[in-house]
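Coordinates in review
Here is what each chain is made of, one letter per residue.
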Amino acid sequence: VYRGAFRLPEGSEGTNWEYSGHAMAYYPGGDPEGTDDGYPGSIFATGPDHQQYVSEISIPAPVISPTKNLAKLNTARTLQKFQDINDMFGHLEIPCAGLAYLPAQSSQSKGKLYFCWGQHFQFEQVPSHGWCELSLSSPNPSGPWLFDGYSNYVTNDYLFEIPKSWADANTPNQRLATGRFREGGWSGRGPALFAFGPSVVGKPPAPKATLKNLTPLLLYGTQLPGIPEIRNRDSMAISGYKECDHWSGGAWLTAGDKSAVVFLGTKTVGRCWYGFPNGVVWPIDCTPDSSPPCPDVPEWPNDNRGWWAEDYAAHIIFYDDADLARVAKGTMQPHDPQPYAFLDISSCLFDPNIHAARYKRDLVGAAGFDPERGFLYVFERQADEEKSLIHVWGIETKP
């Protein structure tokens, strides 16, 4: 059930919320002195794509505006200013990222903020995941760590908590889910997902350590040793797969005794091609010596080469986590589960359009979930001029 949206605050520490929204984590203990408006806790999230600094903000009551009037929306407050917690990764070109809060595990005295970072092209497997303290001014990060045997193209984007009861039954000591969907089929023909646990004794692995405590839950293809892209075929595809799709966020939803795993993203509508926004197709095997020659590169703003489509919609897709349990137990293959529902949320967005001139390629970004109250928080990218908005849905159980 749609609850409305709210705006992001002004910037801090020389940066702001423009071109933001790649990563988000809901923190239940945040903003304890905030207004008792039914939306407690806070959100940790990343700012501009080119920096990926992290800030913590409050959660104001969302507002439904039928006329999409930004002035009617409440605005979050800054609780912790932007800080750089990912300097261990260096410069990332066209980055992807994930954040998740996980309560204290084993001998830990308090919960941690987990993170992962990667970039669009990663031809070699590199460490990608870590954790830090909740104080952004003194994060004391640990990591990064490497996933044993799996390419970065399937591991280092969305990141979220697995319910303890499900993990205890199916992936013991693996309380986090992580994965990635890279357009063009490089990560397989659907969103990849892994359960993992960086530690069973509460202490972090050494920097650049290889994590072996992991379980594939979704993988629409086959990982071959030493090859970054996932080998795949039509029989290993999510329903309705298109190369231009982009699943950018995920969450494990719960409500009473019901649960589902969801992915959010920008879904292709109509024809899909590799080339330029104006419809010019660029052959994937095109080289300077090709015959016939490569097409001319269009003028700006149509000179951005990549995967494009006739139209797009913002979707949430729902998986039965019982299917993921079967994968974890080995009775289903990771490419077997299919979504049982697709929800088009485009009508809720303030700007449900792709803009080549503004470099807007995604309608929605990361997500966060409040399991106690059933609130799903979702970034809409570049909807408040170049700033993001956050939308809220509530889960209501039927008798």
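Residues numbered from 1 in each chain as written. Predicted model: local features only at pLDDT ≥ 70, side-chain atom pairs only at ≥ 80, totals over all residues. Heavy atoms only, no water.

1. Quick notes on the overall build of the protein chain
Along its length, the protein chain carries 2 helices and 21 strands. Its C-alpha atoms give the protein chain a radius of gyration of 20 Å, within 12% of the compact-globule value 21 Å for 399 residues. For the protein chain, the spread of C-alpha atoms along the principal axes amounts to about 65 × 50 × 50 Å. Per-residue burial for the protein chain yields a buried fraction of 58% across its 399 residues. Taking as baseline every contact in the protein chain between residues at least 6 positions apart, the subset at least 24 positions apart corresponds to 64%. As displayed, the protein chain has an accessible area near 16,900 Å², and 49% of this comes from carbon and sulfur atoms. Charge centroids of the protein chain, computed over 32 positive and 45 negative side chains, lie 4 Å from each other. (Helix = DSSP H or I, 4+ residues; strand = E, 2+ residues; numbered from the N terminus. Rg over C-alpha atoms; globule rule 2.2 N^0.38 Å. Buried < 20%, exposed > 50% of the residue type's maximum accessible area, 1.4 Å probe, protein only. Contact = heavy atoms within 4.5 Å. Areas by Shrake-Rupley, 256 points an atom, 1.4 Å probe, with all protein chains shown as cover. Lys, Arg positive; Asp, Glu negative; His and termini not counted. Charge placed at Lys NZ, Arg CZ, Asp CG, Glu CD.)

2. Examining helix α2 (residues 321-329)
Within α2, the full set of buried residues consists of D321, D323, L324, A325 and V327. Each element contacted by the buried residues of α2 is listed here: α1 (164-170), β12 (193-196), β14 (214-218), β15 (246-255), β16 (258-275) and β17 (306-319). The opening residue of α2, the one whose side-chain oxygen lies 2.9 Å from the backbone nitrogen of A322, is D320. (Polar contact = N/O pair within 3.5 Å; in protein donor to acceptor, adjacent residues only side chain to side chain.)

3. What about the pairing of β16?
With 9 bridges joining them, β15 and β16 adopt antiparallel strand pairing. Pairing of L253 across the sheet is with A260, part of β16. In terms of strand pairing, β16 meets β17 through 13 bridges, oriented antiparallel. Looking at the pairing, F263 lines up with I317 of β17. (Pairing = 2+ DSSP bridges.)

4. Considerations on the layout of surface pockets
Estimates place the volume of the largest pocket at around 1,100 Å³. A per-element tally of the lining of the largest pocket places β17 first, with 3 residues. (1 Å grid on protein atoms, 1.4 Å probe; cavity = no way out; pocket = protein on both sides within 12 Å on 5 of 7 lines; lining within 4 Å. Points joined across faces, edges and corners; volume = space filled by probe spheres on them.)

5. Description of the pairing of strand β9 (residues 142-147)
Here β9 lies mainly inside the structure; 6 of its 6 residues are buried. With 2 bridges joining them, strand β8 (residues 129-132) and β9 adopt antiparallel strand pairing. When the bridges of β9 are listed, W131 appears paired with S142. Relative to strand β13 (residues 210-211), β9 runs parallel, the two sharing 2 bridges. Each residue of the ladder has a partner; that of L146, found in β13, is T210.

6. Notes on the sheet that holds β13
Ordered by their spatial adjacency, 5 strands build an open sheet running β6-β7-β8-β9-β13, and the pairing between neighbours is mixed. Looking at strand neighbours, the two that pair on one side only are β6 (95-102) and β13, the edges of this open sheet.

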